[in-house]
Structures are given as structure tokens and as C-alpha cells.
Amino acid sequence: MRDARPLIQALGADLVVVGNGSPAQALDFKQQRDIDFPLLVDPKLEAYAAAGLRRDLGATLNFATLGNAVRALRGGHRQSSVEGDPWQQGGAFIITPDGKDHYKYISQAAGDHPDPEEIVAALEAAVA
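Residues numbered from 1 in each chain as written. Predicted model: local features only at pLDDT ≥ 70, side-chain atom pairs only at ≥ 80, totals over all residues. Heavy atoms only, no water.

Undergrad: Explain the overall build of the chain here, please?
TA: What the chain contains, in helices and strands, is six helices and four strands. N-terminal to C-terminal, the α/β element order of the chain is α-β-α-β-α-α-α-β-β-α. Here the chain, with 128 residues, has 28% of them falling under the buried criterion. Expressed as a percentage of contacts within the chain between residues at least 6 apart in sequence, the contacts between residues at least 24 apart total 56%. (Helix = DSSP H or I, 4+ residues; strand = E, 2+ residues; numbered from the N terminus. Buried < 20%, exposed > 50% of the residue type's maximum accessible area, 1.4 Å probe, protein only. Contact = heavy atoms within 4.5 Å.)

Structure follows, in C-alpha cells:
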């Protein structure tokens, strides 16, 4: 998503990430990866539950996760130690200031992410 951020900002929005680790873990993550966009934390997983995101063993340990791990390794991404809740899956959302949810993607396995072009297209439709 980092590469899509200029397009997202040009559409009047911004990229915000919510992690489930501690504030100290988030700061370390931000510094290690040179992240310059907002990174919030939800260690109690309240936002994850409210969004209907998956949290279960089956979503974390499955064949899709293995394929996603291979894809990440090929792309030069390596997972370091697990921080936060390892069973909690993520997602992606476009929510406008009026609270309307214009896009919702619920990850079905660890490493399952939407195509950034799909998110930008949904954002374009939301602001049109």
C-alpha cells in the first residue's frame, strides 16, 4: 500500500494502519520499516471485532498462508518475530468522514491482502 499512498492522498484521503501489538511494538515496527503514515494500535482487538475481521487458528495455519509466505519471501519480505496476536487477521477499508463504509476486504488467511489498485479504484468511486 505504501506505493499507492500518493494516489490515495491525491484523492483527498490517507493511508492509516491499525496493528494489534503494543505502542512500543508499533513504534519499533514503524522505525524498522521507515513508515511515514499513521500507525495506530488496538491490543484489545476491539476495532478488529467491530469490523468483523477473522481471528482463528484456521485462518492462520492453512495452505493459503503457506502460499502467501512463499510469495512474500520471493518479494524480499521476511517475517521477524511474531508480535501482537498471531491469530488475528486483518483487512482493508475505505471509510469516509460521514462514517460510510465504501470498501471492505476481510483477509481470509495470514498474508492475504487486497490488490492496491482495487483499493484505489474503490476510493475513486467513493469520492466521485
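Next, the rest of the story.
Undergrad: Just to check I follow, could you spell out the pairing of strand β3 (residues 91-95) for this structure?
TA: Successive side chains on a regular strand alternate, one facing one side of the sheet and the next facing the other. The two faces of β3 differ: A92 and I94 on one face are buried, but G91, F93 and I95 on the other face are not. Both β3 and strand β4 (residues 101-106) contribute to a ladder of five bridges, which runs antiparallel. Looking at β4, one finds that F93 is bridged to K104. Hairpin connection of β3 to β4: five residues between the antiparallel strands, including G99 at a positive phi of 90°. (Pairing = 2+ DSSP bridges.)

Undergrad: Even after reading the chapter, I still don't get a nonpolar patch on the surface, so can you show me in this structure?
TA: On the surface, a nonpolar cluster with roughly 240 Å² of combined accessible area is contributed by V16, V18 and L40. Relative to the elements of secondary structure, V16 occurs in the loop between α1 (5-10) and β1 (17-19). (Patch = residues over 30% accessible without salt bridge, like charges linked within 9 Å, V, L, I, M, F, W, Y side chains within 5 Å. Areas by Shrake-Rupley, 256 points an atom, 1.4 Å probe, with all protein chains shown as cover. Salt bridge = Lys/Arg side-chain N within 4 Å of Asp/Glu carboxyl O.)

Undergrad: Can you help me understand the pattern of salt bridges in this one?
TA: Oppositely charged side chains can form a pair if their charged atoms are brought close together. Tallied over the entire structure, the rule returns three salt bridges. For R5, the salt bridge is made with D14, and the minimal N-O distance between the two is 2.8 Å. Judged by its relative accessible area of 37%, D14 is partly exposed. Several salt bridges converge on common partners, so that one network encompasses R5, D14 and D36.

Remember, this is a structural readout, not a statement about activity or role.
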